[in-house]
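What follows is the residue order along each chain.
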Amino acid sequence: EQPSPIASVTKTAKPRSFYYDPSMVVPYAITDAEGRVIVAPGTKVNPLDAVSLSNALLFIDARDARQVGRAKAMLEERQGKVKLILTGGSYLDLMRRWKRPVFYDQQGHLTEKLGIRHVPALVSQEGRRLRIDEIL
């Protein structure tokens, strides 16, 4: 019902914007079904070249009523084109109330990878990188 909150993520006190480049270097050859190399080891690839972020990601702590209100307003403003990801609080409660999927950042894997330290935080695609805005 209510997973453990991510202790390292706190409420935004000062807005901050930064970028995350999802590019990675392929450590080994990637082959097709016939064994032909389609990506050589050492090749730098960016997943955003093949797929785009269809919806913005909004990270909030649902234990904070102000953040929940902000999320609801943003969902309406963006006509539902936001994936809500919690860092604290009950995702099941929000899912039941809002009748829409709500996700939880289990053990803080996403916030850690993206460098998010404060919420609310909005993640959107800007070209070949992700823009992260920690907002008030």
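Residues numbered from 1 in each chain as written. Predicted model: local features only at pLDDT ≥ 70, side-chain atom pairs only at ≥ 80, totals over all residues. Heavy atoms only, no water.

1. What about the overall build of the protein?
Stated formally: Numbered from the N terminus, helices here are DSSP runs of H or I no shorter than four residues, and strands are runs of E no shorter than two. Exposure is judged per residue with a 1.4 Å probe applied to protein chains only, and the accessible area is read against the type maximum: over 50% gives exposed, under 20% gives buried, and values in between give partly exposed. By the convention used here, residues are in contact when the closest approach between their heavy atoms is within 4.5 Å. For accessible areas, the Shrake-Rupley method is used with a probe of radius 1.4 Å. Any residue's cover is judged against the shown protein chains and nothing else. Two residue types count as positive, namely Lys and Arg, and two as negative, namely Asp and Glu; His and chain ends fall outside the count. Here the site of a charge means NZ on Lys, CZ on Arg, CG on Asp, or CD on Glu.
The helix and strand tally for the protein stands at 3 helices and 12 strands. In terms of overall dimensions, the protein has a C-alpha envelope of 55 × 30 × 30 Å along the principal axes. Looking at the protein residue by residue over its 136 residues, the buried ones come to 37%. When contacts within the protein are restricted to residue pairs at least 6 apart in sequence, those whose partners lie at least 24 apart make up 63%. Of the roughly 8,300 Å² that the protein leaves accessible, carbon and sulfur atoms contribute 54%. When the 21 basic and 15 acidic side-chain charges of the protein are each reduced to a single mean position, those positions are 4 Å apart.

2. Topic: unusual backbone geometry
Among all residues except glycine, the phi angle is most often negative; among peptide bonds, the trans geometry is most common. Cis geometry is adopted by the peptide bond preceding Pro 120, which originates at Val 119 and carries an omega value of 10°. Despite not being glycine, Lys 99 has its phi angle at roughly 55°, a positive value. Tracing the sequence through the fold places Lys 99 in the loop between α2 (91-98) and β9 (102-104). Residue Lys 99 is classed as exposed on the basis of its relative accessible area, which comes to 73%.

3. Focus: the pattern of salt bridges
Spelled out, the test is: One side-chain nitrogen of Lys or Arg within 4 Å of one carboxyl oxygen of Asp or Glu is enough to make a salt bridge.
Summed over the entire model, instances satisfying the criterion amount to 9 salt bridges. Note that Lys 11 and Asp 64 form a salt bridge whose closest N and O atoms lie 3.6 Å from each other. Here Asp 64 lies in the loop between β7 (56-61) and α1 (65-77) and Lys 11 lies in strand β1 (residues 10-11), a separation of 53 residues in the sequence. Assessed through its relative accessible area of 49%, Lys 11 is described here as partly exposed. The exposure class assigned to Asp 64 is buried, which follows from its relative accessible area of 16%. Of the charged contacts, one joins Arg 131 and Asp 133 as a salt bridge, the two residues approaching to 2.9 Å between their closest N and O atoms.

Read these as layout, nothing more, since geometry by itself doesn't imply function.
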